[in-house]
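Reading the structure
Listed here are the chains, written in short residue letters.
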Amino acid sequence: MKIILVRHGQAEDETRPDSARQLTDFGQQQAAQTAEYVATHYQPDYFLVSPYDRAQQTLAAFQSRLPKVPAAVQENITPSDDARKALIDIADIEAECLVVVCHMSIVANIAGLLTGDYPESFSLAEARVFEMEFVMSGMAKEIDRFVPDQPY
């Protein structure tokens with residue numbers, strides 16, 4: 001099984017509540033680049049996404065390329081949620097190639113739990129691919145990563 005963890009693209013400044021922040025035009029471009037990479041190299045069969053707007057907008061780039069892949073919102077993958085609890089829920093998903101779109105720092109913490117390594121920060125709209133027999137802490141190996149254009 002593969003889990004592809006994706007951080008959302010660049011979001012606007014915090015002029016709205018965190019959950020309502022939107023992707024910038026550049027963030028939309030980043031999401032499109034990452035979605036294109038994933039769609040070209042992998043065959044996702046399920047999408048899981050945070051309820052926050054910027055993650056939903058990032059997922060929309062994936063859905064435009066892979067419109068038949070089912071998606072669900074997972075409430076506990078927002079920036080301040082507990083990665084261990086989130087991973088328990090992720091483990092319940094029946095999928096061979098699961099794409100999870102969420103946020104820093106939970107995305108880094110989930111990645112760290114999967115591999116048993118110290119959490120490493122994700123770039124905007126970065127995707128990391130993990131392979132494992134089953135979802136459990138320390139059981140995954142990172143096999144690929146993609147980083148789209150970044151703001152400088």
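Data block above holds the structure.
Residues numbered from 1 in each chain as written. Predicted model: local features only at pLDDT ≥ 70, side-chain atom pairs only at ≥ 80, totals over all residues. Heavy atoms only, no water.

We now examine the pairing of strand S5 (residues 127–131). A large share of S5 lies buried, amounting to 4 of its 5 residues. Relative to S5, strand S1 (residues 2–7) runs antiparallel, the two sharing 5 bridges. When the sheet's bridge partners are listed, Lys-2 is paired in S5 with Glu-131. Direction of pairing for S5 relative to strand S6 (residues 141–146): antiparallel, over a ladder of 5 bridges. (Buried < 20%, exposed > 50% of the residue type's maximum accessible area, 1.4 Å probe, protein only. Helix = DSSP H or I, 4+ residues; strand = E, 2+ residues; numbered from the N terminus. Pairing = 2+ DSSP bridges.)

Let's shift gears to the packing of helix H1 (residues 25–41) against helix H2 (residues 53–65). Closest axis-to-axis distance for the H1/H2 pair is 8 Å, and the angle between their directions is 40°. Regarding the angle of H1 to H2, the classification is oblique. Judged by the twist between their axes, the crossing of H1 over H2 is right-handed. On H2, the residues touching Gln-28, Ala-31, Ala-32, Thr-34, Ala-35, Glu-36, Val-38 and Ala-39 of H1 are Gln-57, Thr-58, Ala-61, Phe-62 and Arg-65. Here the contact of H1 with H2 is built from residues that sort into 7 nonpolar, 4 polar and 2 charged. (Axes fitted to C-alpha atoms, helices over the stretch in contact; angles between N-to-C directions. Parallel < 35°, antiparallel > 145°, perpendicular 65-115°, else oblique. Left-handed = near helix turned anticlockwise from the far one by under 90°. Contact = heavy atoms within 4.5 Å. Nonpolar A, V, L, I, M, F, W, Y, C, P; charged D, E, K, R; others polar.)

Within a sheet, neighbouring strands are paired by backbone hydrogen bonds and run either parallel or antiparallel to one another. Read from one edge to the other, the open sheet built from 6 strands follows the order S3-S2-S4-S1-S5-S6, with strand pairing classed as mixed. Looking along the sheet, the strands with just one partner apiece sit at the ends: strand S3 (71–73) and S6. Looking at each pair of strands side by side, their axes are set apart by 20° on average, direction ignored. When strand S2 (residues 46–49) meets strand S4 (residues 97–102), the two strands line up parallel, connected through 4 bridges. For Leu-48, the partnering residue across the bridge sits in S4 and is Val-100. Taken strand by strand, H2 contacts S1, S2, S3 and S4, and its axis lies near 165° from that of S2.

Turn by turn, an α-helix covers 3.6 residues, leaving residues three or four places apart pointing in a common direction. For helix H4 (residues 106–115), the buried fraction is high: 9 of the 10 residues fall into the buried class. Of the positions making up H4, those classed as buried are Ile-106, Val-107, Ala-108, Ile-110, Ala-111, Gly-112, Leu-113, Leu-114 and Thr-115. Residues of H4 that are buried make contact with S1, helix H3 (83–91), S4, S5 and S6. Immediately downstream of H4, the backbone of Gly-116 shows phi near 80°, a positive value.

We now examine the environment of Leu-113. Along the polypeptide, Leu-113 turns up in helix H4. Given a relative accessible area of 14%, Leu-113 falls into the buried group. In this structure, the C-alpha to C-alpha distance between Leu-113 and Leu-5, residues 108 residues apart in sequence, is 12 Å. Once residues within four sequence positions are removed from consideration, Leu-113 is found in contact with Ala-83, Arg-84, Leu-87, Ser-137 and Gly-138.

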